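Residue-level listing of the chains:
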Amino acid sequence: MAGKDEVGMENEVRFMQAAVAEARRAAAAGEVPIGAVLVHEGEIIARGNNRTIRDCDPTAHAEMVVLREAARHFGNYRLAGSTIYVTLEPCLMCAGAMVQARIARVVFGADDPKGGAARTSFAVFGNASLNHEVEFTAGLLAEEAAGVLREFFAARR
């Protein structure tokens, strides 16, 4: 029988795989392939991918899509106790929204050296001067997540 940590890691991978599947859906729709899922108490509550082009909305990043869907699901803009799994390190806008929503944790795949707000360009989540700190884990399925982005942009060159 698998230990608790092994089962936990299996779930982590499963949730990130769901985010990668969302990224592939975005790519199929011609969007930059970033996907996200929001998990609460071990259950996927919201799924989303980038929709900026389809929705003609600069704020329709995958993370914002799942935050909105989860807030509607719970009838509350506070999403305490929830974890977001996203294929790319969140940007400043998304990181700020996660702080405002009181997200407990973010797990992301690939780093975003040009605009990541968890650790590469900015460090929003652990900023003690903000009203909420978000725990984060980086690098889960990073190569797979980055590969989806590479394939997408290579096909456009």
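Residues numbered from 1 in each chain as written. Predicted model: local features only at pLDDT ≥ 70, side-chain atom pairs only at ≥ 80, totals over all residues. Heavy atoms only, no water.

*Asks:* Provide a residue-level description of the overall build of the chain, including the pertinent values.
*Replies:* Along the chain, the regular secondary structure elements total five helices and five strands. Reading the chain from its N terminus to its C terminus gives the helix and strand order α-β-β-α-α-β-α-β-β-α. Each of the three principal axes of the chain carries a C-alpha extent, and together these read 40 × 40 × 30 Å. Here the chain, with 157 residues, has 46% of them falling under the buried criterion. Long-range pairs, those at least 24 residues apart, make up 56% of the contacts in the chain with a sequence separation of at least 6. For the chain, the distance from the average position of its 17 positive side-chain charges to the average position of its 20 negative side-chain charges is 5 Å. (Helix = DSSP H or I, 4+ residues; strand = E, 2+ residues; numbered from the N terminus. Buried < 20%, exposed > 50% of the residue type's maximum accessible area, 1.4 Å probe, protein only. Contact = heavy atoms within 4.5 Å. Lys, Arg positive; Asp, Glu negative; His and termini not counted. Charge placed at Lys NZ, Arg CZ, Asp CG, Glu CD.)

*Asks:* Now, about the sheet that holds strand E5 (residues 135-138): what can you tell me, with residues and values included?
*Replies:* Spatial strand order, E2-E1-E3-E4-E5: five strands in an open sheet with mixed pairing. Both edges of this open sheet fall to strand E2 (43-49) and E5, since each of them pairs with a single strand only. Within the sheet, the average angular offset between the axes of one strand and its neighbour, ignoring direction, is 15°. Relative to E2, helix H3 (residues 62-74) is tilted by about 140°, and along the sheet it contacts strand E1 (35-40), E2 and strand E3 (82-88). Sitting on the sheet, helix H5 (residues 142-156) touches E3 and strand E4 (105-110), and the angle it makes with E4 is about 60°. (Pairing = 2+ DSSP bridges. Axes fitted to C-alpha atoms, helices over the stretch in contact; angles between N-to-C directions.)

*Asks:* Mind laying out the packing of aromatic side chains, listing which residues take part and the relevant values?
*Replies:* Under the counting rule described, the total for this entry stands at four aromatic pairs. Seen from their ring centres, Phe108 and Phe136 are 6.0 Å apart, and the 20° between their planes marks the pair as stacked. Separated by 28 residues along the polypeptide, Phe108 in strand E4 and Phe136 in strand E5 bring together distant segments of the chain. For the pair Phe152 and Phe153, a centre-to-centre distance of 5.1 Å together with 85° between the ring planes defines the contact as edge-to-face. On the basis of relative accessibility, which here comes to 6%, the residue Phe152 falls in the buried class. Taken together through their ring pairs, the aromatic side chains of Phe108, Phe125 and Phe136 make up a single cluster. (Phe/Tyr/Trp six-rings, centres within 6.5 Å; stacked < 30°, edge-to-face > 60°.)

*Asks:* Break down the nonpolar core for me, with residues and values.
*Replies:* Counting residues in hydrophobic clusters, the biggest one holds 32 residues, and the most contacted among them are Leu38, Leu67, Ile84, Met98, Ile103 and Val106. Residue assignment for this core shows that the elements contributing at least two residues are E1, E2, H3, E3, helix H4 (92-101), E4 and H5. Residue contributions to this core peak at six residues, all from H4. If we ignore the near neighbours within four places in the chain, the residues touching Met98 are Glu63, Leu67, Ile84, Pro90, Ile103, Val106, Phe125 and Val134. (Core = buried A, V, L, I, M, F, W, Y, C linked by side-chain atoms within 4.5 Å.)

*Asks:* Mind laying out the pattern of salt bridges, listing which residues take part and the relevant values?
*Replies:* In total, this model carries eight salt bridges according to the counting rule given. Of the charged contacts, one joins Glu12 and Arg105 as a salt bridge, the two residues approaching to 2.8 Å between their closest N and O atoms. On the criterion of sequence distance, the pair formed by Glu12 in helix H1 (residues 4-28) and Arg105 in strand E4 is long-range, its members being 93 residues apart. When its relative accessible area of 14% is taken as the criterion, Glu12 is described as buried. The shortest N-O distance in the salt bridge between Glu22 and Arg25 comes to 2.9 Å. Separated by three residues within a single helix, Glu22 and Arg25 lie in helix H1, roughly one turn from each other. On the basis of relative accessible area, Arg25 is assigned to the partly exposed category, the value being 48%. (Salt bridge = Lys/Arg side-chain N within 4 Å of Asp/Glu carboxyl O.)

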